[in-house]
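Each chain is listed here by its residues.
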Amino acid sequence: MTKQLLVLGCSQVKRNATGLLPAIDRYDGTAYRVLRKFLRSHCWPGGLSVAVLSAKYGLVGGFTGIEDYDERMTPNKAAALSGRCHELLYTWSQSHRSIHFSLGKDYLPAVKSALDSGLESETEVFDGPIGMKLSQIKDFLSKTISTEKHKADLPEPGSGQVSYFLPDWDDLLDINFNFSTDTFSGKSPSERGDKHCSILMKPERMHDGILVSLAQHVTSKGPLRRFEGSEEQSLAPKNLRDQFGLEHNQTLFGDCGAFSYVNEVEPSISVEQAVALYDLHGFDFGASVDHIPVAHVFRKGLSVDLTRGEQLARVRKTKKNAELFLDAAHKRRVSFRPVGTIQALDPASYAQTVKLYYEFGYRYIAIGGLVPQSDAAIQKIVKAVMKTVSKLPERPWIHLFGVFRPKLQELFRNLKVDSFDSATYFRKAWLRSDQNYLATDGNWYAAIRVPMTKDPRTRKRLEESKVDLQRLEIQEATVMNLLTRYGREEISMREVLDAVIGYDEQLTRSSEVQSLQAKYKKTLGDRPWKSCACPFCKDIGIHMLIFRGANRNKRRGTHNTLMLYNMLRTDAIPPDDQIK
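Okay, so let's go over this structure. Note that this is a predicted model, so its numbers are computed, not measured.

Considerations on the sheet that holds strand β6 (residues 98-102)
In a beta sheet, neighbouring strands pair by backbone hydrogen bonds and run either parallel or antiparallel. In spatial order, the strands read β4-β3-β1-β6-β7; together these five strands make up an open sheet with mixed pairing. Bordering the open sheet on either side are β4 (58-61) and β7 (122-125), each of which pairs with just one other strand. When strand polarity is set aside, the average angle formed by the axes of neighbouring strands in this sheet is 20 degrees. Together, β1 (4-9), β3 (48-54), β4 and β6 form the strand contacts of helix α3 (residues 75-93), whose direction differs from that of β4 by roughly 30 degrees. Here helix α5 (residues 130-142) sits on the sheet in contact with β1, β3 and β6, set at roughly 155 degrees to β1.

Below, the structure written as structure tokens:
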């Protein structure tokens, strides 16, 4: 075991901010300032864990989100917390070689039972007056193994070199998935050692960075998911650069995930929360908290029209949040670069807001609210924005949130838009019936669908249609075997195509069979996987063109993203008139 756990007592001084803040950011006492000062110049040490003993919340991981409160530790509270503290410390001691306590005299009784009974790891209690304890914390931190903060490296604004960010959708893959038997290499992602798709695609580079949404913080999925406080993962941030396999010249971009709360009256992420999470998790860029002024929202299952007044209120909220966000980032001396996110209702307003944000002090600006817009509307907005940008004393970096738009790429390049993010090519791998695989020659191919009869949703539908499941399972296995043999060039296309279509006909999709047959014939006849040298196509061959399960589908999406990135670098935009 190489990890060390530092347990700090809560402080009376707290950040006065609404919503949840990570515990080590909520408390603003001297011990927490010492920790944050260390983290301003260093990445989070790989072996460091931090827990907090709170009068209200008890013993929790330092990255547990907590509200502002005013409650003091008393002897009765310490006694009531003792049992739970003992239980958690014993659990955590099994994965830490040492635990170090910096607690006031009112807090020590809560952990005395654990200290007296002995833990699985070494223990140390920092003693003496506050100055001595702070010195011990500094000394402890200085001995941890850490590196300097990553310095973001992007092309100069307006250089004409576009940067592409891949949005994170928790796209982890089983490295050793068995495609012949359709079985995982282990029971859980941690047991299997699942890796992010961009790591498995190496040595090929498929993006300039990863875009991660803070919306994960209100869910139970993703590297930024919310913790209850007892999980070991709540003791330290996940190393996101390692999670995504980022090289030094690839960057980590955070946004607030405004579409996740678009139906709410207020954003679910606060300004202070966004600043804290970006900074603690080592982001290179962090976007301000926006609220999209959409025309319609869904509430209680019903579509509701927003009035123009309500839309304008969202625009004003976005502007105010941008101002507060930049102010908070400067006061905290954060290591990430603040990005001002703009929302507006027309091209002129977008352009005016660019000038306003520049006056605020932003040199990185993102244009939001584009996803539902038509190509024509986006063209007008971007033209108006870039015209204003050209007149500013210093050229800011301009990012387009969530759009690629092939038809507009020439315009974007002529106007020297700096970057964009889009997961469309990734998700097309399973969201379209005809454009699932982008070949090296720029042509799209349909993936051959072989649904799993064991999938609960498919099985329920089949049971309702009273299909002979046992016979269908045999037919499914036969189809997979024939496809594998066709990939090895052991059988004819006619034999495998008949089997695939015969299986399709059993799945109540007869209206699609005719069109699917023509698409499948093209896929099987052209064998596009044979022409690709990417690690996935070389490794699993025809399985890249089989529409079946996340480990095939997401590998295909990763391949598509690589094709997109290669085309972006050569200005050869894929011929796809329908994609947005």
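Let's pick the thread back up.
Notes on the packing of helix α10 (residues 308-332) against helix α11 (residues 347-360)
At a minimum axis distance of 10 Å, the contact between α10 and α11 shows a crossing angle of 20 degrees. The pairing of α10 with α11 is recorded here as roughly parallel in orientation. Viewed along their axes, α10 and α11 form a crossing whose handedness is right-handed. On the side of α10, the interface is formed by T318, K319, A322, E323 and L326, while α11 contributes T353, L356, Y357 and F360. Looking at the contact of α10 with α11, its residues break down into five nonpolar, two polar and two charged.

Observations concerning the packing of aromatic side chains
Summed over the entire model, instances satisfying the criterion amount to 22 aromatic pairs. When the ring of Y278 is compared with that of F336, the centres are 5.4 Å apart and the planes differ by 65 degrees; the resulting orientation is edge-to-face. Of this pair, Y278 sits in helix α9 (residues 271-280) while F336 is found in the loop between α10 and β16 (337-342), placing the two residues 58 residues apart along the sequence. Using a relative accessible area of 0% as the deciding quantity, one classes Y278 as buried. Residue F336 is classed as buried on the basis of its relative accessible area, which comes to 3%. Judged by centre distance (5.2 Å) and plane angle (65 degrees), the ring pair of Y425 and W444 falls under edge-to-face. Taken together, the residues Y425 in helix α14 (residues 424-431) and W444 in strand β21 (residues 444-445) connect sequence positions 19 residues apart. When sorted by exposure, Y425 lands in the same class as W444, which is buried. By way of ring pairs, the aromatic residues F165, F253, F285, Y364, W397 and F401 are connected into one cluster.

Examining the pairing of strand β12 (residues 251-255)
Looking along a regular strand, one sees side chains alternate from face to face of the sheet. The buried fraction of β12 is high, at five of five residues. Side-chain alternation along β12 places T251, F253 and D255 on one buried face and L252 and G254 on a second face that is also buried. Two elements, strand β11 (residues 209-213) and β12, share five bridges in a ladder whose sense is parallel. Following the sheet pairing, G209 is matched in β12 by T251. For β12 and strand β13 (residues 285-287), the ladder comprises two bridges, and the chain directions are parallel. Opposite G254, over in β13, you have G286 as the bridge partner.

Comments concerning the side chain of H150
Relative to the helices and strands, H150 is located in the loop between α5 and β8 (163-167). The exposure class of H150 is buried, given its relative accessible area of 16%. Only 3.3 Å separates the side chain of H150 from the side chain of R241, close enough to count as a polar contact. A distance of 2.7 Å separates the side chain of H150 from the side chain of D284, its partner in a polar contact. When sequence neighbours within four positions are dropped, the list of residues in contact with H150 reads C43, R241, E247, H248, Q250, T251 and D284.

What to know about the pairing of strand β14 (residues 296-299)
With four bridges joining them, β14 and strand β15 (residues 302-305) adopt antiparallel strand pairing. Looking across to β15, one finds that H296 is bridged to D305. Hairpin connection of β14 to β15: two residues between the antiparallel strands, including K300 at a positive phi of 55 degrees.

Regarding the environment of G65
Looking at the element boundaries, G65 is found in strand β5 (residues 65-66). As a C-alpha pair, G65 and L21 span 44 residues in sequence and 4.8 Å in three-dimensional space. For G65, the residues in contact, after removing those within four places along its chain, are L20, L21 and P22.

Thresholds, definitions, all that
- Residues numbered from 1 in each chain as written.
- Predicted model: local features only at pLDDT ≥ 70, side-chain atom pairs only at ≥ 80, totals over all residues.
- Heavy atoms only, no water.
- Pairing = 2+ DSSP bridges.
- Helix = DSSP H or I, 4+ residues; strand = E, 2+ residues; numbered from the N terminus.
- Axes fitted to C-alpha atoms, helices over the stretch in contact; angles between N-to-C directions.
- Contact = heavy atoms within 4.5 Å.
- Parallel < 35°, antiparallel > 145°, perpendicular 65-115°, else oblique.
- Left-handed = near helix turned anticlockwise from the far one by under 90°.
- Nonpolar A, V, L, I, M, F, W, Y, C, P; charged D, E, K, R; others polar.
- Phe/Tyr/Trp six-rings, centres within 6.5 Å; stacked < 30°, edge-to-face > 60°.
- Buried < 20%, exposed > 50% of the residue type's maximum accessible area, 1.4 Å probe, protein only.
- Polar contact = N/O pair within 3.5 Å; in protein donor to acceptor, adjacent residues only side chain to side chain.

Coordinates in, geometry out; function isn't part of it.
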